[in-house]
Amino acid sequence: MRVLSVVGARPQFVKASVVSQELREHHEEILVHTGQHYDEELSDVFFEELDIPEPDHNLGVGSAGHATQTGEMMIQLEPLITEYDPDVVLSYGDTNSTLAASIAASKMDTELAHVEAGLRSFNRDMPEEVNRVLTDHVSDYLFVPSRQAVQHLESEGISESVYHVGDVMYDALLQIRESTADEPAVLKRLGLEPDTYVLATVHRPRNTDDAERLAAIVDCLCEESRDVVFPAHPRTLRSLEEHGLRERAERELTLIDPVGYGDFVGLLANAEVIVTDSGGIQKEAFFLTVPCITLRTETEWPETVEEGGNVLVGADPTGIREALAAPPVSPSDAEPYGDGTAGEQIVAALTR
Ligand code: UD1
Ligand code: UDP
């Protein structure tokens, strides 16, 4: 079987590392990086650390508006799909790279598989929700992380070729935990004691591009008596600067560049509480049973809230403060996202 996998943004490298590893044991994989993320700490570090093979092609698309970015990816993907004539194109998650691969492949003589299908936040203002819905509706194989995701697809009339395999990010997390120390060096480097600090990330445009929301989040973090570690996405750094918040954040928080996956998981596992608007990090906190405060009012991972480990507070200062004072209690035995064998199941299903 020949598979052409398309990745482009940080979380997709984590997801693809799991499936690539399984695929390459018996099959041929062509790996295409769209270039959506290009900074070393958002891209190269993941390839090195997770042993992901060098991409066969990097489209170098970079940053742009949604249509320009997605369109440029599609223009470059089409001739590659023609050239390699893969049995299947693999598309991961919900970014613009996902959508570009999905639209390009679905109109060509190849099959399309979506990893992380069926998730819904029911907020169409988020570009990711549009990317998810459109991708699911043109996919030939849908690999689904949870029971609720199967139900979402059913309610949209999609019930064929839906495979409930669990979440590939759970596989990735179990793997990295095997190779990282319980108290990783990154803690010492940042002068942190385990279970005493808050770990924060913010990168959703709704939070970064709205001065009032970003200021409210930064205020709440700066008021914290605990250490707050804040690995900032480049989008967020730029917004902190633009909204005149960077100096304060640098003075009162441990504002650092994004870190590699192993270091980030080490920071997560040893944090007392997580504050984030990331999809992947909500889940990783849940897997590691670290309480999570989510800076959004809806989530495509509702099980983390229903099981008790995650609370949705948006950018409401009262909500953030209350949650920081009394974080949600994380469950230790819930497994709504499979058993850590999603990658294996995906490759087995594709092979069949
Ligand atoms: C993208 C995804 C989002 C995902 C996130 C993971 C879309 C619509 N959004 O958001 O779903 O959660 O990746 O991190 O696909 N930039 C750099 N260096 C880089 C990449 C980006 O400085 O290597 C800056 C640029 O100023 C760019 C901005 O970050 O304009 C946003 O990048 P972009 O890829 O458009 O979206 P993300 O916010 O990263
Ligand atoms: N991550 C990382 N370093 C960081 C921040 C995040 O390795 O400094 C990892 C994190 O562990 C998770 C993924 O990046 O696996 C999440 O990416 P992000 O929050 O950018 O995107 P989302 O999941 O919201 O789409």
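In case you missed it, the structure is sitting above this.
This write-up is about the structure you can find in this document. Keep in mind that this is a model prediction, so the values were computed, not measured. (Residues numbered from 1 in each chain as written. Chains lettered and ligands numbered in written order. Predicted model: local features only at pLDDT ≥ 70, side-chain atom pairs only at ≥ 80, totals over all residues. Heavy atoms only, no water.)

### A few points about the pairing of strand S4 (residues 88-92)
On any regular strand, side chains alternate: one points to one face of the sheet, the next to the other face.
In step 1: Among the five residues in S4, five count as buried, and that is most of the element.
In step 2: With burial as the criterion, each face of S4 is covered, one bearing Val88, Leu90 and Tyr92 and the other bearing Val89 and Ser91.
In step 3: In this structure, S4 lies alongside strand S5 (residues 111-115), joined through five bridges in parallel fashion. If you follow Leu90 over to S5, its bridge partner there is Ala113.
In step 4: Running through helix H4 (residues 96-106), the crossover from S4 to the neighbouring parallel element S5 is right-handed. (Buried < 20%, exposed > 50% of the residue type's maximum accessible area, 1.4 Å probe, protein only. Helix = DSSP H or I, 4+ residues; strand = E, 2+ residues; numbered from the N terminus. Pairing = 2+ DSSP bridges. Right-handed = clockwise from strand over helix to strand, strands pointing away.)

### Points about the site of ligand 2
In step 1: Near ligand 2 you find 18 residues, and of these Arg204, Val259, Ser278, Gly280 and Glu284 are the closest.
In step 2: One of the side-chain nitrogen or oxygen atoms of Arg204 is found 2.6 Å away from an oxygen atom of ligand 2.
In step 3: Taking Glu284, its side chain carries an N or O atom lying 2.6 Å from an oxygen atom of ligand 2.
In step 4: In this structure, ligand 2 is accommodated by the largest pocket.
In step 5: Those elements that provide at least two residues to the shell around ligand 2 are helix H1 (10-26), helix H13 (261-270) and helix H14 (279-287).
In step 6: When residues in the shell around ligand 2 are grouped by element, the largest group, four residues, is from H14.
In step 7: Looking at the shell around ligand 2, its residues break down into 10 nonpolar, five polar and three charged. (Near = heavy atom within 4 Å. Polar contact = N/O pair within 3.5 Å; in protein donor to acceptor, adjacent residues only side chain to side chain. 1 Å grid on protein atoms, 1.4 Å probe; cavity = no way out; pocket = protein on both sides within 12 Å on 5 of 7 lines; lining within 4 Å. Sits in = over half its atoms within 2 Å of the grid points. Nonpolar A, V, L, I, M, F, W, Y, C, P; charged D, E, K, R; others polar.)

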